[in-house]
Amino acid sequence: MRISQILSKKGSGVITVGAASTVRSLLATLDEWNIGAVVVIDEGGALAGIVSERDVVRRLHSGGADILDGPVGRIMTPIVHTCSPGDEIEGLRETMTEHRVRHLPVLDDGALVGIISIGDVVKSAIDELETEREHLVRYIQH
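Given the structure is predicted, the values throughout are model-derived calculations rather than measurements.

### Here's the deal with the nonpolar core
Then, in step 1: Counting 14 residues, the largest nonpolar core has Leu26, Val40, Val51, Val72 and Ile75 as its most contacted members.
Then, in step 2: Among the elements that line this core, the one with the most residues is helix H2 (residues 23-33), at three residues.
Then, in step 3: Ile75 has contacts with Val23, Leu26, Val51, Asp55, Val56, Arg59 and Ile67, leaving out every residue within four places of it along the chain.

Spelled out as structure tokens, the structure:
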């Protein structure tokens, strides 16, 4: 299964924040959309990083509540693992496990076209197993 197939089912919408946005506004965005991470973009709209609830918690622990009024750019992860629509889901499983990341922005010729979460990866694995099970049941019954 390819990333494009997952995006065609779940949609390609991506919630983003600017690097200059405050951490407090980031938290409001995470809450509003009930998500765990957002892509951070620069002034030109290009991928600048990614920031998750985990990043906020860790920075709150080390920097205190003062980080809430600081920019997202200070707490984001600037080196972002990405994938493309044509990539196989199996490769994503390996990337997510190896690099311990839960979200991968999907880029097509440098343009942000979606985001894949670990939940999407797990759901695709379950869907594949269910399809295989259905084929086996049909085979056995006929």
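### Observations regarding the sheet that holds strand S1 (residues 16-18)
Then, in step 1: A sheet is described by the order of its strands in space; here three strands give the open sequence S1-S2-S3, paired in mixed fashion. Because the sheet does not close on itself, it has two edges, and the strands there are S1 and strand S3 (47-52). On average, each strand axis in the sheet is tilted by 35° relative to the strand beside it, whichever way the strands run.
Then, in step 2: As paired elements, strand S2 (residues 37-41) and S3 share five bridges and run antiparallel to each other. When the sheet's bridge partners are listed, Ala37 is paired in S3 with Ser52.
Then, in step 3: Strand contacts of H2: S1, S2 and S3, with the helix running at about 130° to S2, the strand carrying the most contacts.

### Remarks on the UniProt feature "domain: CBS" (unreviewed entry) in the chain
Then, in step 1: UniProt feature "domain: CBS" (unreviewed entry): in the numbering of this structure it lies at residues 7-67 and 76-131.
Then, in step 2: As annotated, residues 7-67 has a helix share of 43% and a strand share of 23%, and its two end C-alpha atoms lie 34 Å apart.
Then, in step 3: Taken as a whole, residues 76-131 contains 45% helix and 23% strand, while its terminal C-alpha atoms sit 38 Å from one another.

### Things to note about the pattern of salt bridges
Then, in step 1: Throughout the structure, instances matching the rule amount to nine salt bridges.
Then, in step 2: Where Arg59 meets Asp55, a salt bridge forms, and the shortest distance between an N and an O atom there is 3.9 Å. With a gap of four residues between them, Arg59 and Asp55 both fall in helix H3 (residues 53-63), about one helical turn apart.
Then, in step 3: The exposure class assigned to Asp55 is buried, which follows from its relative accessible area of 9%.

The rules we used
- Residues numbered from 1 in each chain as written.
- Predicted model: local features only at pLDDT ≥ 70, side-chain atom pairs only at ≥ 80, totals over all residues.
- Heavy atoms only, no water.
- Core = buried A, V, L, I, M, F, W, Y, C linked by side-chain atoms within 4.5 Å.
- Buried < 20%, exposed > 50% of the residue type's maximum accessible area, 1.4 Å probe, protein only.
- Helix = DSSP H or I, 4+ residues; strand = E, 2+ residues; numbered from the N terminus.
- Contact = heavy atoms within 4.5 Å.
- Pairing = 2+ DSSP bridges.
- Axes fitted to C-alpha atoms, helices over the stretch in contact; angles between N-to-C directions.
- UniProt positions renumbered as here; feature names shortened; annotations may be inferred.
- Salt bridge = Lys/Arg side-chain N within 4 Å of Asp/Glu carboxyl O.

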